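Survey of secondary and tertiary structure
So the chains spell out like this:
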Amino acid sequence: MDSSPDRAAPVATRCGFVALIGVILCYSLAFGLIEIGLAAYASEQNNPALAGVLLGLMSAGSAVGGLAYGSRGWHFPLTRQFATMLALMGAGLLVLAFPWATWAFATWCVFAGVVMAPALIIQSMLVAKTARAEHVTEAFTWSASALLSGVGMGVAAGGVLLEYFRSPAVLATAAGAALLAAAGAGLLKRA
């Protein structure tokens, strides 16, 4: 087994990469919280099956956003794009924390999802630009691990919040995580 210190090279050699991983971990918390928040909203409406519909609508919005983002050329720095998408994500999730009729809530789910795929796309581009060419595979492993860890922590945090509060608190917390990540992305070194 190789015991060289190069094993964590993307993290050890690139300060900007560590900050990027922190932003990824923070905004992926929102993804886990969303899953719990939407399921809780559906349950509060006495319609647990609605959770799948709401997640599907949010995913449809995300797909449209991803196609729209990928079909254009963007001429401002990736870090600014990332911060913007995460801020819009936070704003969209915050809207979901307000009391809405089911049809309005479902409509807002579509809009809240629009920036999710672009945020993931930009994340991947930032990982590729931030890591040295010889460490790209490890860098993507770190970023995927951060993303999945954040989702898992968000699901757990959402469950804890629901012990004391209702779905709006979970969705507001998701918005807060996305907005905090947006602030962090705004501090990333320009790429």
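Report on the accompanying structure. In this text the structure is predicted, and so the values were computed from the model without any measurement. (Residues numbered from 1 in each chain as written. Predicted model: local features only at pLDDT ≥ 70, side-chain atom pairs only at ≥ 80, totals over all residues. Heavy atoms only, no water.)

**Points about the overall build of the chain**
In terms of regular secondary structure, the chain is built from eight helices and zero strands. Radius of gyration (C-alpha) of the chain: 17 Å, near the 16 Å computed for a compact globule of 191 residues. A principal-axis box enclosing the C-alpha atoms of the chain has dimensions of 55 × 40 × 25 Å. In the chain, buried positions account for 42% of the 191 residues. Here the chain has roughly 9500 Å² of accessible surface; of this, 69% comes from carbon and sulfur atoms. Taking the average location of the 9 positive side-chain charges in the chain and that of its 7 negative ones, the two points are 16 Å from each other. (Helix = DSSP H or I, 4+ residues; strand = E, 2+ residues; numbered from the N terminus. Rg over C-alpha atoms; globule rule 2.2 N^0.38 Å. Buried < 20%, exposed > 50% of the residue type's maximum accessible area, 1.4 Å probe, protein only. Areas by Shrake-Rupley, 256 points an atom, 1.4 Å probe, with all protein chains shown as cover. Lys, Arg positive; Asp, Glu negative; His and termini not counted. Charge placed at Lys NZ, Arg CZ, Asp CG, Glu CD.)

**Here we look at the side chain of Ser 28**
Inspection of the secondary structure assignment puts Ser 28 in helix H2 (residues 15-44). Judged by its relative accessible area of 0%, Ser 28 falls in the buried class.

**Details of unusual backbone geometry**
For Asn 46, which is not a glycine, the phi torsion comes out positive at approximately 60°. Within the element layout of this structure, Asn 46 appears in the loop between H2 and helix H3 (50-70).

**Examining helix H5 (residues 102-113)**
In this model H5 runs 17 Å from its N-terminal to its C-terminal C-alpha over twelve residues, within 8% of the 16 Å that 1.5 Å per residue would give. Every buried residue of H5 is accounted for by Ala 104, Phe 105, Ala 106, Cys 109, Ala 112 and Gly 113. (Expected span 1.5 Å × (residues − 1).)

**A look at the packing of helix H6 (residues 116-130) against helix H7 (residues 136-162)**
Where H6 contacts H7, the axes come no closer than 9 Å and their chain directions differ by 145°. You can see that H6 and H7 cross each other, and the crossing is right-handed. Each of Leu 120, Gln 123, Ser 124, Val 127 and Ala 128 in H6 lies in contact with H7, whose residues at this interface are Ala 139, Phe 140, Ser 143 and Leu 147. Partitioning the contact of H6 with H7 into residue classes produces six nonpolar, three polar and no charged. (Axes fitted to C-alpha atoms, helices over the stretch in contact; angles between N-to-C directions. Left-handed = near helix turned anticlockwise from the far one by under 90°. Contact = heavy atoms within 4.5 Å. Nonpolar A, V, L, I, M, F, W, Y, C, P; charged D, E, K, R; others polar.)

**Some remarks on the nonpolar core**
If you look at the biggest cluster of nonpolar residues, it comprises 54 residues, and the most contacted ones within it are Tyr 27, Met 58, Phe 82, Leu 86, Met 89 and Leu 93. For this core, the secondary-structure elements that each account for two or more residues are H2, H3, helix H4 (78-96), H5, H6, H7 and helix H8 (167-187). Those residues within four positions of Phe 82 in sequence are excluded, and the remaining contacts are Leu 20, Val 23, Tyr 27, Ala 119, Ile 122, Gln 123, Leu 126, Ala 185 and Leu 188. (Core = buried A, V, L, I, M, F, W, Y, C linked by side-chain atoms within 4.5 Å.)

**Quick look at the packing of aromatic side chains**
Scanning all chains against the criterion turns up seven aromatic pairs. For the pair Tyr 27 and Phe 31, a centre-to-centre distance of 5.5 Å together with 75° between the ring planes defines the contact as edge-to-face. Of the two residues, Tyr 27 and Phe 31 are both situated in helix H2; the distance of four residues between them amounts to about one turn of the helix. The two residues Tyr 27 and Phe 31 agree in class, both being buried. Ring centres of Trp 100 and Trp 108 lie 5.7 Å apart, and the angle between their planes is 45°; on these two criteria the pair is classed as tilted. The class for Trp 100 is partly exposed, based on a relative accessible area of 31%. By relative accessible area, Trp 108 is classed as partly exposed at 32%. Taken together, the ring pairs in this structure connect Tyr 27, Phe 31 and Phe 82 into an aromatic cluster. Above the ring of Trp 74, the side-chain terminus of Arg 72 is found at 4.9 Å from the ring centroid. (Phe/Tyr/Trp six-rings, centres within 6.5 Å; stacked < 30°, edge-to-face > 60°. Lys NZ or Arg CZ within 6 Å of the ring centre and 35° of its normal.)

**Details of H4**
Since one α-helical turn is 3.6 residues long, residues separated by three or four positions face the same way. Along its 19 residues, H4 runs 27 Å from first to last C-alpha, staying within 8% of the 27 Å computed at 1.5 Å per residue. Looking only at H4, the buried set comprises Leu 78, Thr 79, Gln 81, Phe 82, Ala 83, Met 85, Leu 86, Met 89, Gly 90, Gly 92, Leu 93 and Leu 96.

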